[in-house]
Amino acid sequence: MAMNRFEWTSARSVAEAAGAGAVNVADAMLAPPDGPPGQAVVLKAGGIDLLDLMKERLLAPRRLVNLRAIPGLDAIAEEAGGLRIGALATLEQVAANPLVLRRYTALAEAAGGSASPQIRHVATIGGNLLQRPRCWYFRSAAHRCLRKGGGKCFAVHGENQYHAIFANEVCSVVHASTAATALVALGARVELVNAQGELRRPLLDEFLVAPETDVQRENDLRPGEVLTAVLLPALADGTRSAHLREADKLSFDWPIADVAVVLQHDVDGTCAAASVVLGSAAPVPRRARAAEDLLVGEAIDEAAAREAGQAALEACTPLSGNRHKQPIFAALVRRALLRAAGPG
Ligand SMILES: Cc1cc2nc3c(=O)[nH]c(=O)nc-3n(C[C@H](O)[C@H](O)[C@H](O)COP(=O)(O)OP(=O)(O)OC[C@H]3O[C@@H](n4cnc5c(N)ncnc54)[C@H](O)[C@@H]3O)c2cc1C
């Protein structure tokens with residue numbers, strides 16, 4: 001099979017990358033009515049997902065614009081009482097950063113538990129949030145599913161054991177980023193800059209796109225935009241967080257289920273605010289609001305954590321092959337809550 005030819009350039013600044021004419025990889029993958037997919041310019045960070053898509057012959061860009069030569073875009077530093085994580089920081093750097101470990105433990109655990117040591121060494125936090133879904137029908141060039149401009153979701157009546165158990169009516173992929181589970185729970189924002197130098201900082205939760213809004217895109221990355229940073233808010237004193245995952249192969253695979261919890265404690269030890277987010281559960285990270293509501297005002301003990309685990313499954317609509325995910329999520333929610341509520 002012939003190799004696809006493509007050009008390679010390295011941007012030396014964010015402005016240069018934003019001016020390169022790159023598009024969201026989802027747009028680059030959609031086949032024009034009269035020709036093969038691609039012919040677009042796309043940005044490359046670690047290249048783990050991008051090169052996978054190219055090798056799977058789902059993407060044939062005209063040019064890759066390498067971001068890794070942009071100085072300083074991997075910095076992790078305090079900002080406005082919170083933390084700014086440069087988009088090129090690797091999952092390894094994020095997981096090992098002392099401020100992330102101490103204040104945003106769920107993110108350190110999510111990044112540190114993702115993929116394998118070799119991949120975490122190369123994969124960037126920006127690229128991780130923008131990777132495309134792992135659904136095997138989506139990844140197969142032989143299946144033109146809804147997300148690739150086709151007419152149906154093959155997973156709904158097909159092999160769906162790794163697919164969504166919530167919000168799966170239109171398309172049943174799960175969001176592929178494990179870090180996103182923790183970042184949504186922590187209330188993170190993403191920073192984006194376009195070719196005109198305009199800046200926007202949406203909540204990650206709002207930047208990610210559900211299939212009901214647009215089945216062909218997982219995020220609202222607009223033409224020319226570069227994701228420059230992930231911004232973590234300042235957290236109230238006494239806030240604790242945790243992330244847990246379950247996978248077929250814990251050594252290097254995407255999770256079957258993952259959960260992030262963030263708990264803010266009152267002076268009397270009860271829960272003042274709770275954020276419970278399920279990953280690998282729906283096309284976007286899913287807030288388990290029924291579980292959160294149960295926890296506020298309670299002392300978080302075994303019984304409360306168990307009840308919240310059950311409540312997290314409210315509105316669950318499992319597919320033919322993925323009912324087994326339900327007890328896994330209930331157990332992960334319970335264990336993550338007890339971990340975040342336990343002695344520091
Ligand atoms: C065996 C294996 C196991 C894995 N397990 C997990 C797991 O458990 N959890 C998990 O979350 N992931 C997992 N992954 C996925 C991996 O973590 C991602 O592919 C990786 O994080 C992508 O980051 P990257 O820097 O390589 O991005 P790239 O592949 O370079 O880019 C990904 C996408 O983002 C765009 N992009 C990148 N950076 C920017 C930017 N700054 N601005 C605008 N656009 C940008 C690119 O155009 C591309 O569309 C696994 C991968 C493998 C191979």
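To keep things clear, this report deals only with the structure shown in the data block.

The rules behind the values
- Residues numbered from 1 in each chain as written.
- Predicted model: local features only at pLDDT ≥ 70, side-chain atom pairs only at ≥ 80, totals over all residues.
- Heavy atoms only, no water.
- Core = buried A, V, L, I, M, F, W, Y, C linked by side-chain atoms within 4.5 Å.
- Buried < 20%, exposed > 50% of the residue type's maximum accessible area, 1.4 Å probe, protein only.
- Contact = heavy atoms within 4.5 Å.
- Phe/Tyr/Trp six-rings, centres within 6.5 Å; stacked < 30°, edge-to-face > 60°.
- Helix = DSSP H or I, 4+ residues; strand = E, 2+ residues; numbered from the N terminus.
- Lys NZ or Arg CZ within 6 Å of the ring centre and 35° of its normal.
- Polar contact = N/O pair within 3.5 Å; in protein donor to acceptor, adjacent residues only side chain to side chain.
- Near = heavy atom within 4 Å.
- Areas by Shrake-Rupley, 256 points an atom, 1.4 Å probe, with all protein chains shown as cover.
- Nonpolar A, V, L, I, M, F, W, Y, C, P; charged D, E, K, R; others polar.
- Domains from an automatic or database assignment.

1. Thoughts on the nonpolar core
- Ranked by size, the top nonpolar core spans 38 residues in total, and within it Ile-85, Leu-107, Ile-125, Leu-183, Leu-204 and Leu-232 carry the most contacts.
- Setting aside residues no more than four positions away along its own chain, Ile-125 makes contact with Ile-85, Gly-86, Ala-87, Ala-89, Leu-91, Val-94, Ala-179, Leu-183 and Val-230.
- In terms of nonpolar packing, the next biggest core, distinct from the first, is built from 32 residues, Leu-263, Ala-281, Val-333 and Ala-336 among them.

2. Examining the packing of aromatic side chains
- On inspection of all chains with the given rule, the structure shows 2 aromatic pairs.
- Look at Trp-136 and Tyr-162: their rings are 5.6 Å apart centre to centre, the planes differ by 75 degrees, and that puts the pair in the edge-to-face class. Separated by 26 residues along the polypeptide, Trp-136 in the loop between helix H8 (125-130) and helix H9 (178-185) and Tyr-162 in the loop between H8 and H9 bring together distant segments of the chain.
- Residue classification places Trp-136 among the partly exposed positions, given a relative accessible area of 37%.
- For Tyr-162, a relative accessible area of 36% corresponds to the partly exposed category.
- With centroids separated by 5.9 Å and ring planes inclined at 25 degrees, the aromatic side chains of Tyr-137 and Phe-154 adopt a geometry described as stacked. Here Tyr-137 is found in the loop between H8 and H9, whereas its partner Phe-154 is found in the loop between H8 and H9, with 17 residues between them in sequence.
- Under the relative-accessibility criterion, Tyr-137 is labelled buried at 13%.
- Lying across the ring of Phe-138, Lys-148 places its NZ or CZ 5.7 Å from the centre.

3. Regarding the side chain of Glu-225
- Looking at the secondary structure, you find Glu-225 in the loop between helix H10 (204-207) and strand E8 (226-232).
- A relative accessible area of 6% places Glu-225 in the buried class.
- Among the polar contacts listed, one links the side chain of Glu-225 to the side chain of Arg-200, at a separation of 2.7 Å.
- In this structure, Glu-225 is in contact with Leu-43, Leu-192, Val-193, Asn-194, Arg-200 and Asp-220, ignoring residues within four places of it in sequence.

4. Regarding unusual backbone geometry
- In the Ramachandran plot, Ala-80 falls in the positive-phi region, its phi being about 50 degrees despite a non-glycine side chain.
- By the element assignment, Ala-80 lies in the loop between strand E4 (76-79) and strand E5 (82-86).
- One non-glycine residue, Ala-315, lies in the positive phi region at around 70 degrees.

5. Quick look at the site of the ligand
- Lining the immediate environment of the ligand, one finds 33 residues, of which Leu-43, Ala-45, Gly-47, Thr-124 and Thr-178 sit closest.
- Contact distances for the ligand include 2.7 Å between an oxygen atom and a side-chain N or O atom of Thr-124.
- A distance of 2.8 Å is found between a nitrogen atom of the ligand and a backbone nitrogen or oxygen belonging to Leu-227.
- For the ligand, whose free accessible area comes to 990 Å², the fraction covered by protein is 94%.
- Mapped by element, the contributors of at least two residues to the shell around the ligand are strand E2 (41-44), helix H3 (48-55), H8 and E8.
- Of the residues contributing to the shell around the ligand, the split by class is 19 nonpolar, 9 polar and 5 charged.
- When residues are assigned to domains, the shell around the ligand turns out to be shared by domain 1 (7-68) and domain 2 (239-341), each giving three or more.

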